[in-house]
Amino acid sequence: MVHLGAVSLLVRDYDAAIAFYVGTLGFDLSEDTDMGGGKRWVRVTPKGGQTSLLLARATAPDQLARVGDQAGGRVWLFLETDDLIRDHAAWSAAGVHFREAPRHEPYGRVVVFEDLYGNAWDLIEPARNED
């Protein structure tokens, strides 16, 4: 079986990123291994998901310049949920910044939010096919 195992995400600080993704969004901390020299192998995974975010601490000036803008200002990651209204309310209360109100699209409910560095995400509750 082939699947996308992880997507690298540039962060400024491992612990701040873990606090956001695990503490605020409710992801699982799948791995946090000390690699020595201040480098860690840190993976966070949405509950029930297969694909992880590999939190990669930016160290070089060109990497630091890209933290929070990995997609040139566009939505970069798409997170699916079974209840957008529930997650929107909980995350709003936890201080997550939403760029808009939830809206309906042909593919389902969607709302754009920002992670702790400003990367844009779509939170999507896919439309249910009712036969």
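Everything below is about the structure shown above.
Residues numbered from 1 in each chain as written. Predicted model: local features only at pLDDT ≥ 70, side-chain atom pairs only at ≥ 80, totals over all residues. Heavy atoms only, no water.

**Looking at the overall build of the protein chain**
Now for step 1: Broken down by element type, the protein chain carries 3 helices and 8 strands.
Now for step 2: The helix and strand sequence of the protein chain, counted from the amino end, reads β-α-β-β-β-α-β-α-β-β-β.
Now for step 3: The C-alpha radius of gyration of the protein chain comes to 15 Å, within 12% of the 14 Å expected for a compact globule of 131 residues.
Now for step 4: With the C-alpha coordinates of the protein chain rotated into their principal frame, the extents come out at 55 × 35 × 25 Å.
Now for step 5: Counting only residues that meet the buried cut, the protein chain has 36% of its 131 residues in that class.
Now for step 6: Within the protein chain, contacts between residues separated by at least 24 positions form 51% of all contacts whose residues are at least 6 apart in sequence.
Now for step 7: Carbon together with sulfur atoms contributes 51% to the accessible area of the protein chain, which is approximately 7600 Å² in total.
Now for step 8: Taken together, the 13 basic and 20 acidic charged side chains of the protein chain have centroids lying 4 Å from each other. (Helix = DSSP H or I, 4+ residues; strand = E, 2+ residues; numbered from the N terminus. Rg over C-alpha atoms; globule rule 2.2 N^0.38 Å. Buried < 20%, exposed > 50% of the residue type's maximum accessible area, 1.4 Å probe, protein only. Contact = heavy atoms within 4.5 Å. Areas by Shrake-Rupley, 256 points an atom, 1.4 Å probe, with all protein chains shown as cover. Lys, Arg positive; Asp, Glu negative; His and termini not counted. Charge placed at Lys NZ, Arg CZ, Asp CG, Glu CD.)

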